[in-house]
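# Residue-level structural notes
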Amino acid sequence: MKQIVYSFILTVLLLSACHSNAPKSEITAETAYEGVNNYCHSTYDWSVAEENPSIMYVTMGEETDSTYQVIFRSYTAAMTYFYVNKATGATRMVEYVPALDIENETGTINIFDYLKKK
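Below or above, wherever it landed, is the structure these notes cover.

Calculation notes
Residues numbered from 1 in each chain as written. Predicted model: local features only at pLDDT ≥ 70, side-chain atom pairs only at ≥ 80, totals over all residues. Heavy atoms only, no water. Helix = DSSP H or I, 4+ residues; strand = E, 2+ residues; numbered from the N terminus. Buried < 20%, exposed > 50% of the residue type's maximum accessible area, 1.4 Å probe, protein only. Contact = heavy atoms within 4.5 Å. Phe/Tyr/Trp six-rings, centres within 6.5 Å; stacked < 30°, edge-to-face > 60°. Lys NZ or Arg CZ within 6 Å of the ring centre and 35° of its normal. Salt bridge = Lys/Arg side-chain N within 4 Å of Asp/Glu carboxyl O.

Okay, the overall build of the chain next. In terms of regular secondary structure, the chain is built from two helices and five strands. Listing every helix and strand of the chain by position from the N terminus yields α-α-β-β-β-β-β. For the chain, buried positions account for 27% of its 118 residues. Across the chain, contacts joining residues at least 24 apart in sequence account for 29% of those joining residues at least 6 apart.

Structure, rendered in structure tokens:
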């Protein structure tokens, strides 16, 4: 009987330990958009778009099994593609300038840093 109780306790402890190492929450399309939108509004000057809001915007792009793509369009027509990892929130940024056909990796952010605490 003791062996069964000890086995049960050990199983519960192992499952608890595995669960605590899991990500706190998986990123959804909505949270990916919210985080990138918050980042863009805190990083870029939006005053040039006050009279014409359509020249700067954030929109959702393609989705894969592991990432969401969120796109920021600058008033200069440059596009920054944010690739948000669904499991970790790690976000890779790639800037593309269509007029010059130039693409550059521009850095990384953690999307959780730009989500409002609830």
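There's more to say after this.
Glancing now at the packing of aromatic side chains. According to the stated counting rule, one finds five aromatic pairs in the structure shown. Look at Trp 46 and Phe 72: their rings are 5.7 Å apart centre to centre, the planes differ by 55°, and that puts the pair in the tilted class. Taken together, the positions of Trp 46 in the loop between helix H2 (29-43) and strand S1 (57-63) and Phe 72 in strand S2 (residues 67-73) put the pair 26 residues apart, joining distant regions of the chain. Given the relative accessible area of 18%, Trp 46 is considered buried. Grouped by ring-pair contacts, the aromatic residues Tyr 39, Tyr 44, Trp 46, Phe 72, Phe 82 and Tyr 114 constitute a single cluster. Note that Lys 86 overlies the ring of Tyr 68, its terminal NZ or CZ placed 4.7 Å from the centroid.

Right, let's talk about the pattern of salt bridges for a bit. Taken as a whole and assessed by the stated rule, the structure comprises two salt bridges. Between Lys 86 and Glu 63 there is a salt bridge, with its nearest N and O atoms 2.7 Å apart. Of this pair, Lys 86 sits in the loop between strand S3 (79-85) and strand S4 (90-97) while Glu 63 sits in strand S1, placing them 23 residues apart in sequence. The class of Lys 86 is buried, set by a relative accessible area of 9%. Measuring nitrogen to oxygen at the nearest pair gives 2.7 Å for the salt bridge that ties Glu 105 to Arg 92. Of this pair, Glu 105 sits in strand S5 (residues 102-110) while Arg 92 sits in strand S4; the two residues are 13 residues apart in sequence, bridging distant segments of the chain. Owing to a relative accessible area of 52%, Glu 105 belongs among the exposed residues under this scheme.

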